[in-house]
Amino acid sequence: MSDDLRVAVLGVGVMGAFHVDALSNRVRGAKVTVVNDFLTDKAAEVAGKVGARVEADPIAAVNDPEVDAVLIASSGDAHQEQVNACLDRGIPTLCEKPLTTDVSSAYAIVRKERALGKQLIQVGFMRRFDPEYAALQKLIADGGLGKPLMTHCVHRNPAIGDHFTSEFMIRDSVVHEVDAVRFLLAEEITSVEVIKGAATSSAPHGVHDPMLVIFETESGAIVTDEIFVRTGVAYEVRTEVVGEKGSAFIGLDQNLQLRSTDGRWGGKITPSFVERFGLAYDIELQRWVDAAKAGTIDGASAWDGYAAVAVCEAGVLALRSGVKVHVHLMGGSTVASIEPEEPHAGIQAPDLEGAWP
Ligand code: ISE
């Protein structure tokens, strides 16, 4: 009898279909047995390629007797119910971000899992598995940069659908930097500020693309994140951490560098997240499968998922209010305090020109 982990995949859009392919062709020790999507034709197409069964009801898929673990890649608003069903069955679960779409339901999941006494929920923050991020995290943890003081992130996508409003950019794109920063610096984010500048003409009316998001962490370190999802150029994700003993940079996108006899030099840009993070996703899935078989997780936890939801919620509030918003994650009965700072009255500069004789 095979000891493959039998996985149900919920949601087979771009990401879910990518995971089904990885679990079936690149990851050892797993088999996709059940596929679910609200688009039944899509589910049938993906399931057909790997010999899986289609189950039209996601909760029935979670409870299917031929399922040992669940991978959730459905839309964010479906996660709360699906993750809770996985916890009710006590089954290992890899949930794509966001864990849920609001702070209290994310925190309820943290508490429910704690009550079960074992870690079952892993959140799909794949950057933790990217070899460059992992090397940077180790460098910082080993003290190689001394105390980190500043972190500068750039997150650019070549193009994106019109449903990517400014708020969605915070919840769906900036959420990656939120987790990456917590992972790299090993501390919580305590405030968020969003600066909106001139928008690119390809952004829909009213959408602030690009934006500059500024975080502070518990130790007072500052993090800047340029989020720009309609550059028209390439998939670019870069991070520089500046510490007391030096700085380190990842995401240089070197690829093949060519110098030719016609006097030109250059390389090839990275077109999408698949080329940039494909390997990270595969490593993430392999480690999740191995951990699930051992009855644990190996990656971002439910707490990490909750922290990311809370910081993004503060980010959305910062975007709406135009002021810095403080975040304080809670245990106990209070979920998280997310408070906007009092707006400053500003200063009135003296009119020096008018005062000139
Ligand atoms: C998308 O959901 C991702 O996960 C990509 O990695 C990110 O670059 C993009 O901005 C997100 O919207």
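It should be noted that the structure appears before, not after, this text.
Figured I'd write up the structure that's included with this text. In this text, all values refer to a predicted model and were calculated from it rather than measured experimentally.

## Concerning the overall build of the chain
The helix and strand tally for the chain stands at 10 helices and 17 strands. In summary, the chain has a C-alpha radius of gyration of 22 Å against a globular reference of 21 Å for 357 residues, a match within 12%. Expressed as lengths along the three principal axes of its C-alpha atoms, the size of the chain is roughly 95 × 65 × 45 Å. The burial tally for the chain puts 50% of its 357 residues in the buried class. Within the chain, residue pairs in contact and separated by at least 24 positions form 70% of the contacts whose partners lie at least 6 positions apart. Total accessible area on the chain is roughly 16700 Å²; 55% of this is exposed by carbon and sulfur atoms.

## Observations regarding the nonpolar core
Within the largest apolar cluster, 82 residues are counted, with the highest numbers of intra-cluster contacts made by Ile170 and Phe215. Take this core: its biggest share by element is 12 residues, from helix α9 (residues 302-321). Contact partners of Phe215, with chain neighbours within four places excluded, come to Val174, Val178, Ile189, Ser191, Val192, Ala221, Ile222, Val223, Asp225 and Val311.

## Quick notes on the site of the ligand
Residues in close proximity to the ligand include Lys97, Met126, His155, Asn157, Phe164, Asp172, Ser173, His176 and Tyr235, which together make up its full environment. Contact distances for the ligand include 2.8 Å between an oxygen atom and a side-chain N or O atom of Lys97. One of the side-chain nitrogen or oxygen atoms of Tyr235 is found 2.8 Å away from an oxygen atom of the ligand. Relative to its unbound accessible area of 300 Å², the ligand is 85% covered by the protein chains. More than half of the atoms belonging to the ligand lie within 2 Å of the grid points that define the largest pocket. When residues of the shell around the ligand are assigned to their parent elements, the largest contribution, 3 residues, is made by helix α7 (residues 166-185).

## Description of the state of the cysteines
All told, the structure shown has 0 disulfides when counted by the stated rule. No disulfide involves Cys86; its sulfur sits 8.3 Å from the nearest other cysteine sulfur, which is in Cys95. The buried category is assigned to Cys86, whose relative accessible area is 0%. The cysteine Cys153 is free of any disulfide, with Cys312 supplying the nearest cysteine sulfur at 13 Å. Given a relative accessible area of 5%, Cys153 falls into the buried group.

The rules behind the values
- Residues numbered from 1 in each chain as written.
- Predicted model: local features only at pLDDT ≥ 70, side-chain atom pairs only at ≥ 80, totals over all residues.
- Heavy atoms only, no water.
- Helix = DSSP H or I, 4+ residues; strand = E, 2+ residues; numbered from the N terminus.
- Rg over C-alpha atoms; globule rule 2.2 N^0.38 Å.
- Buried < 20%, exposed > 50% of the residue type's maximum accessible area, 1.4 Å probe, protein only.
- Contact = heavy atoms within 4.5 Å.
- Areas by Shrake-Rupley, 256 points an atom, 1.4 Å probe, with all protein chains shown as cover.
- Core = buried A, V, L, I, M, F, W, Y, C linked by side-chain atoms within 4.5 Å.
- Near = heavy atom within 4 Å.
- Polar contact = N/O pair within 3.5 Å; in protein donor to acceptor, adjacent residues only side chain to side chain.
- 1 Å grid on protein atoms, 1.4 Å probe; cavity = no way out; pocket = protein on both sides within 12 Å on 5 of 7 lines; lining within 4 Å.
- Sits in = over half its atoms within 2 Å of the grid points.
- Disulfide = S-S within 2.5 Å.

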